[in-house]
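Spelled out, the chains give:
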Amino acid sequence: MAAAAASVTCSGGGDGAGRRLPPHSPSGLVLQTVEMHTGGEPLRIVPRLEAAEEAAAAGLPLLSLRRELAAARDGVRRALMLEPRGHAGMYGALVVRGGEAAAAAGAHLAALFLHCQGYSTMCGHAVLALGRFALDYGLVAAPTCPETAVRLLCPCGPVTAFVPWDGSRSGNPVRFHSVPAFAAATDLSIDVPGHGKVVVDIGYGGAFYAFLSAEQLGLDVCSSKTRDLVSAASAVTEAVKEQFKLHHPESEDLAFLYGTILTDGKDTFSEEPTTNICVFADEQVDRSPTGSGVTARIALQYHKGLIQLNQSRTFRSSTTGSLFTGKAVKATKSGDYKAVIVEVSGEAFYTGTATFTVEEEDSLKHGFCFK
């Protein structure tokens with residue numbers, strides 16, 4: 001302790017009173033975050049970013065804002081998601097308050113979703129956490145007991161989270177109602193290098209995923225090494241991208257394959273949990289059962305007649321064992337697709353807050369990716 005005190009005195013700062021620590025460049029970023037997780041999957045929330053809110057206030061739609069940030073303002077994502085501040089499995093949400101798009105949707109807030117490769121169009125685990133965040137941080141003017149509806153605008157469209165509220169604090173479980181979810185393709189034959197022909201389904205739950213049983217790849221989703229599951233799922237993703245063209249009826253900005261979800265093959269309705277692992281973006285592994293993935297998988301099961309409306313299923317993450325529940329609650333349409341609104345439920349928890357700084361002379365200030 002004495003050595004530490006002497007160090008401060010020698011720096012010319014006396015006892016440090018009035019100094020801003022840690023030091024950072026006057027032009028460098030200072031980013032305050034709220035840290036959460038849902039089913040083990042992290043969520044680093046940026047409560048506000050002035051540049052994003054200015055663009056939203058100028059009328060830029062959320063999908064366009066997503067594209068603008070990726071093209072011209074990617075430093076915030078890189079700084080917070082990548083090492084040394086983040087890690088290969090980090091995930092984030094940038095809260096955007098105000099703006100014409102959110103107001104038109106009647107939303108309490110809009111959100112952009114960040115990961116180590118870029119920006120997603122939907123994230124269920126983030127929506128569950130943001131529902132709690134919106135109540136606890138005063139973004140909903142008049143919360144109601146015992147549950148409050150929190151309206152969020154996501155790049156894929158508006159969703160609603162339903163959050164327990166006791167008058168002073170949010171609670172669990174949180175549930176949300178999805179955008180229209182649908183089956184984009186079923187029983188699609190894909191040639192996967194190193195694995196041969198496999199049969200996949202492609203579902204949309206705010207983002208597109210390919211689904212198949214791990215058994216088709218000679219693996220077991222519950223017992224195989226995670227590295228083997230990740231490599232196989234990534235090979236499927238690349239093969240589907242090359243061999244099948246996706247389409248979304250609302251915007252081509254939504255028409256991309258986000259990842260592959262390997263399952264235990266238990267698609268027929270059962271009271272028992274079904275296990276899966278989601279590998280998305282650049283071989284990133286979801287620690288939760290994946291909210292938008294559960295949404296897409298429910299839509300596929302409903303499309304195939306394997307479940308009915310309001311039949312709840314439980315989904316287990318093969319990485320952490322955490323659970324989400326999901327059910328189709330309403331039949332609807334998305335363009336020419338027969339679709340459903342899906343309800344997903346899970347638990348989100350706070351893990352802390354943080355302040356991150358950037359020094360301009362740091363050659364690694366915008367982060368790096370190490371696998």
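- Per an unreviewed UniProt entry, the chain goes by trans-L-3-hydroxyproline dehydratase and derives from Urocolius indicus.
- Of the chain, the UniProt comment under Sequence similarities (unreviewed entry) reads exactly: "Belongs to the proline racemase family."
- Listed under Subunit (unreviewed entry) in UniProt, the entry text for the chain is "Homodimer."

### Some points on helix α3 (residues 62–72)
- Looking at α3, one finds that the buried residues are L62, L63, L65, R66 and L69. Down the axis, α3 shows its buried residues gathered within 160° of arc, on one side only. Every exposed residue of α3 that faces more than 90 degrees away from the buried side is listed here: A71 and A72.
- Looking at the packing, one finds that the buried side of α3 touches α2 (50–57), β3 (91–96), β4 (109–115), β5 (119–120) and β6 (147–154).

### Some words on the environment of R313
- Locating R313 in the fold gives a position in strand β15 (residues 313–317).
- For the pair R313 and V279, spaced 34 residues apart in the sequence, the C-alpha separation amounts to 21 Å.
- Setting aside residues up to four positions removed in sequence, R313 forms contacts with K266, D267, T268, F269, S270, E272, T274, Q301, I307, F324, T325 and G326.
- Polar contacts involving the side chain of R313 include one to the main-chain carbonyl oxygen of D267, which spans 3.0 Å.
- A distance of 3.4 Å separates a polar atom in the side chain of R313 from the backbone oxygen of T268.

### Some words on the nonpolar core
- Formed by 89 residues in total, the largest nonpolar core has its most connected members in L43, F113, V127, L130, V150, V200 and I202.
- With 25 residues, the next largest nonpolar core counts A52, L62, A110 and L114 among its residues.

### Description of the pairing of strand β7 (residues 157–164)
- Judged from the eight bridges that link them, β6 and β7 form a sheet pairing that is antiparallel. Across the sheet, L152 pairs through a bridge with V159, a residue of β7.
- If you look at the hairpin formed by β6 and β7, you'll find two residues sitting between the two strands.
- Where β7 and strand β8 (residues 174–177) come together, three bridges link them in antiparallel fashion. When the sheet's bridge partners are listed, A161 is paired in β8 with F176.

### Examining a nonpolar patch on the surface
- Where nonpolar side chains cluster on the molecular surface, the patch consists of L364, F368 and F370 and spans about 300 Å² of accessible area.
- Relative to the elements of secondary structure, L364 occurs in the segment after β18 (348–357).

### With respect to the pattern of salt bridges
- Overall, the coordinates contain 13 salt bridges when judged by the stated rule.
- With a shortest N-O distance of 2.6 Å, K304 and D201 are connected by a salt bridge. Remark: D201 occurs in strand β10 (residues 196–204) and K304 occurs in the loop between α8 (291–303) and β15; sequence separation between them is 103 residues.
- Owing to a relative accessible area of 34%, K304 belongs among the partly exposed residues under this scheme.
- Residue class for D201 comes out buried when judged on its relative accessible area of 10%.
- Taking the shortest distance from any N to any O, the salt bridge between R227 and E283 comes out at 3.2 Å. One end of the pair, R227, is in helix α7 (residues 226–243); the other, E283, is in the loop between β13 (274–280) and β14 (284–285), with 56 residues separating them in the sequence.
- Judged by relative accessible area, E283 falls into the partly exposed class, the value being 30%.

### So, the side chain of T121
- By secondary structure assignment, the location of T121 is in the loop between β5 and α6 (124–136).
- A relative accessible area of 0% means that T121 is categorised as buried.
- If near-sequence neighbours (up to four positions away) are discounted, T121 is found in contact with L63, R66, F113, C154, P155, C156, G206, A207, D253, L254 and F256.

### Structural notes on the domain arrangement of the chain
- One can read the domain layout of the chain as domain 1 (29–172 + 350–355) and domain 2 (179–346).
- Counting residues at the interface gives 26 residues for domain 1 and 27 residues for domain 2.
- A buried area of about 1800 Å², summed over both sides, lies between domain 1 and domain 2, and 56% of it is on carbon and sulfur atoms.
- The three residues of domain 1 that bury the most area against domain 2 are E41, L128 and C156, which together make up 23% of that side's buried surface.
- Along the contact surface separating domain 1 from domain 2 lie one salt bridge.
- The salt bridge involving R67 is made with D253; its shortest N-O contact spans 2.5 Å.
- Between domain 1 and domain 2 we count nine residue pairs in polar contact (both at pLDDT 80 or more) in total.
- Contributions of two or more residues to the side of domain 1 that touches domain 2 are made by α3, α6 and β7.

Definitions and limits used
Residues numbered from 1 in each chain as written. Predicted model: local features only at pLDDT ≥ 70, side-chain atom pairs only at ≥ 80, totals over all residues. Heavy atoms only, no water. UniProt positions renumbered as here; feature names shortened; annotations may be inferred. Buried < 20%, exposed > 50% of the residue type's maximum accessible area, 1.4 Å probe, protein only. Helix = DSSP H or I, 4+ residues; strand = E, 2+ residues; numbered from the N terminus. Arc of directions from axis to C-beta. Contact = heavy atoms within 4.5 Å. Polar contact = N/O pair within 3.5 Å; in protein donor to acceptor, adjacent residues only side chain to side chain. Core = buried A, V, L, I, M, F, W, Y, C linked by side-chain atoms within 4.5 Å. Pairing = 2+ DSSP bridges. Patch = residues over 30% accessible without salt bridge, like charges linked within 9 Å, V, L, I, M, F, W, Y side chains within 5 Å. Areas by Shrake-Rupley, 256 points an atom, 1.4 Å probe, with all protein chains shown as cover. Salt bridge = Lys/Arg side-chain N within 4 Å of Asp/Glu carboxyl O. Domains from an automatic or database assignment. Buried area = accessible area lost by both parts, 1.4 Å probe.

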